[in-house]
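Remarks on the overall topology
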Amino acid sequence: MKKVYLDNASTTALHPEVILEMTKILTEDYGNPSSTHSLGRNAKSILELSRKSIAKQINASAAEIIFTSCGTEANNWIMRSAVKDLKVTRIITSKIEHHAVLHTALALQNEYAIQVDFVKIKPNGEVDLTHLVELLSEERKTLVSLMHVNNETGTILDLDRATQICMENHALFHSDTVQSIGKTKIDLQHTLIDFVVASAHKFHGPKGVGFAFVRKNSGLQPLFFGGEQEKGQRPGTEALHQIAGMAKALELSYTNLDKDRNYISDLKRYLLQRLKADFPNSKINGENTFYNIVNVTLPFTADKTSMIVFSLDMKGIAVSRGSACQSGSIRPSHVLAEILSQEDLKKPSLRISLSHFNTKEDIDLLIEGLKAI
Ligand code: PLP
């Protein structure tokens, strides 16, 4: 049975060149970057070349890249240290953030009694930046944390505008860029955001590795303590094969960016056409969404609703639930809950997320699979 993988916002297949790079390092370059012998020095050189390569792709300096175990860790670190060490007393975020940000903000509110404010979300899924300006008029040491591309709907934040608003209001700005790094150009000399984070497995790199971009002289302090790795900011022996795999994956992503974006955008147009033709009463959630994500509410009756993801899975088709109302055991999506009516929330929604490995045939199989339910 052909596997049809349409869940690329969850994770992506490794690029074959990344596997080659990682296998070579696992086999030959097993030294510890902190060791002074030649195997160690070789490992250190791979580590620092990876850092340089990643920094170059986003126009940052190598010293501003700190490797972490994942995007979740990077988000937690930045937000926690901003409160603990930079004396932030208010976090402004939104209710459509990934739980790696949302739950962290709420945990910090509990622990440090900081104020947490939520920027309004417009019906089209975008963050209301006028409301952000209003919130920022209250003067206190603030961290704004707003994601670039929403992982469920694909709605996009205007990163330049949000950065400008934060700068004008003397607020620190952190953006969870896990869904956008590697898929769109981000120039950190142009966009003067304070902190961004990335996760390799979202751009055809390995799971279990990510990085934080922390602008120079930010004053962040480590979350935990140990050795001198990452200049003491993130101690622990570096996962060299993961880090080099991530650097390779990011380099490939940006080398092929225009080609892949055009190809995936075409696929998305085709998917939207087919949904419109075969399910005329379906509804796309979010407007002006990112080129690899489609979140759609389907006009299915309650009895079919519980079957969708399971039936597709039986046919080898992997997608995500957009809203979880299809299963009695799972709560509805906190993102869709912000933008859909109570009525629409009861209907099944799917998140279909594409990569350059997909084809039109994959989309045909998905549509046929949905029609068969
Ligand atoms: N932020 C966003 C927007 C995500 O989509 C994800 C992954 O689903 C994460 C953070 C967490 O990243 P990681 O899996 O590397 O912890």
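Reading the values: rules and limits
- Residues numbered from 1 in each chain as written.
- Predicted model: local features only at pLDDT ≥ 70, side-chain atom pairs only at ≥ 80, totals over all residues.
- Heavy atoms only, no water.
- UniProt positions renumbered as here; feature names shortened; annotations may be inferred.
- pLDDT = per-residue confidence, 0-100.
- Contact = heavy atoms within 4.5 Å.
- Domains from an automatic or database assignment.
- Buried area = accessible area lost by both parts, 1.4 Å probe.
- Salt bridge = Lys/Arg side-chain N within 4 Å of Asp/Glu carboxyl O.
- Helix = DSSP H or I, 4+ residues; strand = E, 2+ residues; numbered from the N terminus.
- Nonpolar A, V, L, I, M, F, W, Y, C, P; charged D, E, K, R; others polar.
- Patch = residues over 30% accessible without salt bridge, like charges linked within 9 Å, V, L, I, M, F, W, Y side chains within 5 Å.
- Areas by Shrake-Rupley, 256 points an atom, 1.4 Å probe, with all protein chains shown as cover.
- Buried < 20%, exposed > 50% of the residue type's maximum accessible area, 1.4 Å probe, protein only.
- Pairing = 2+ DSSP bridges.
- Axes fitted to C-alpha atoms, helices over the stretch in contact; angles between N-to-C directions.
- 1 Å grid on protein atoms, 1.4 Å probe; cavity = no way out; pocket = protein on both sides within 12 Å on 5 of 7 lines; lining within 4 Å.
- Points joined across faces, edges and corners; volume = space filled by probe spheres on them.

Under an unreviewed UniProt entry, the chain has the name cysteine desulfurase and belongs to Flavobacterium aquariorum. Recorded under Cofactor (unreviewed entry), the UniProt text for the chain is reproduced unchanged: "pyridoxal 5'-phosphate". A UniProt comment under Catalytic activity (unreviewed entry) is attached to the chain, and it reads "(sulfur carrier)-H + L-cysteine = (sulfur carrier)-SH + L-alanine".

**Structural notes on the confidence of the model for the chain**
Here the chain averages 95 in pLDDT, while 98% of its residues score no lower than 70. Across residues 324–329, where pLDDT falls below 50, the model places 15 contacts with residues more than four positions away in sequence or in other chains.

**Concerning the domain arrangement of the chain**
Taken domain by domain, the chain holds domain 1 (4–12 + 256–371) and domain 2 (16–255). When each unit is reduced to the centre of its C-alpha atoms, the spacing between domain 1 and domain 2 is 27 Å. In total, about 2600 Å² of surface goes out of reach between domain 1 and domain 2, with carbon and sulfur atoms giving 53% of it. Of all residues in domain 1, Leu-257, Phe-290 and His-334 give up the largest surface area on contact with domain 2, accounting jointly for 24% of the area buried on that side. Here domain 1 is connected to domain 2 by zero salt bridges. When residues of the side of domain 1 that touches domain 2 are traced back to their parent elements, those giving at least two are α8 (257–278), β10 (293–297) and α11 (336–339). Among the elements that take part in the side of domain 1 that touches domain 2, α11 stands out by supplying three residues, more than any other. Classifying every residue of the side of domain 1 that touches domain 2 by side-chain character gives nine nonpolar, 15 polar and four charged.

**Regarding a nonpolar patch on the surface**
A cluster of nonpolar residues, Leu-223, Phe-224 and Phe-225, forms a patch on the protein surface that exposes about 320 Å² of accessible area. Its location among the elements puts Phe-225 in the loop between β8 (210–214) and α7 (240–255).

**Looking at the pattern of salt bridges**
Tallied over the full model, the rule gives 25 salt bridges. Here Lys-371 ties to Asp-278 by a salt bridge, and the two come within 3.0 Å at their closest N and O atoms. Taken together, the positions of Lys-371 in helix α13 (residues 360–371) and Asp-278 in helix α8 put the pair 93 residues apart, joining distant regions of the chain. Overall, the relative accessible area of 43% leaves Lys-371 in the partly exposed class. In this structure, Asp-344 and Lys-283 form a salt bridge, with 3.2 Å as the shortest nitrogen-oxygen distance. With Asp-344 in helix α12 (residues 342–345) and Lys-283 in strand β9 (residues 283–284), the pair connects residues that are 61 residues apart, well separated along the chain. Judged by its relative accessible area of 37%, Lys-283 is partly exposed. Connected through shared salt-bridge partners, Arg-274, Asp-278, Asp-364, Glu-368 and Lys-371 make up one network.

**Section: the sheet that holds strand β7 (residues 195–199)**
The mixed open sheet is built from seven strands, whose spatial order is β2-β8-β7-β6-β5-β3-β4. On the outer flanks of this sheet lie β2 (65–68) and β4 (115–119), each paired with one strand and no other. Direction aside, neighbouring strands of the sheet carry axes that sit 20° apart on average. Sheet topology note: the strand β5 (residues 142–145)/strand β6 (residues 172–176) ladder contains three bridges and is parallel. Each residue of the ladder has a partner; that of Leu-143, found in β6, is Leu-172. Against the sheet, helix α4 (residues 99–112) touches β3 (90–94), β4, β5 and β6, its axis set at about 150° to β3.

**Overview of empty space enclosed by the protein**
Summed over the entire model, instances satisfying the criterion amount to two cavities of 30 Å³ or more. Here the largest cavity defines a volume of roughly 70 Å³. Lining the largest cavity are Ile-96, Glu-97, Gly-125, Glu-126, Val-127, Leu-146, Met-147, His-148, Asn-150, Thr-155, Ile-156 and Leu-157. Each residue belonging to the lining of the largest cavity can be placed in one class, and the counts come to six nonpolar, four polar and two charged. Looking at the second largest cavity, its volume works out to about 40 Å³.

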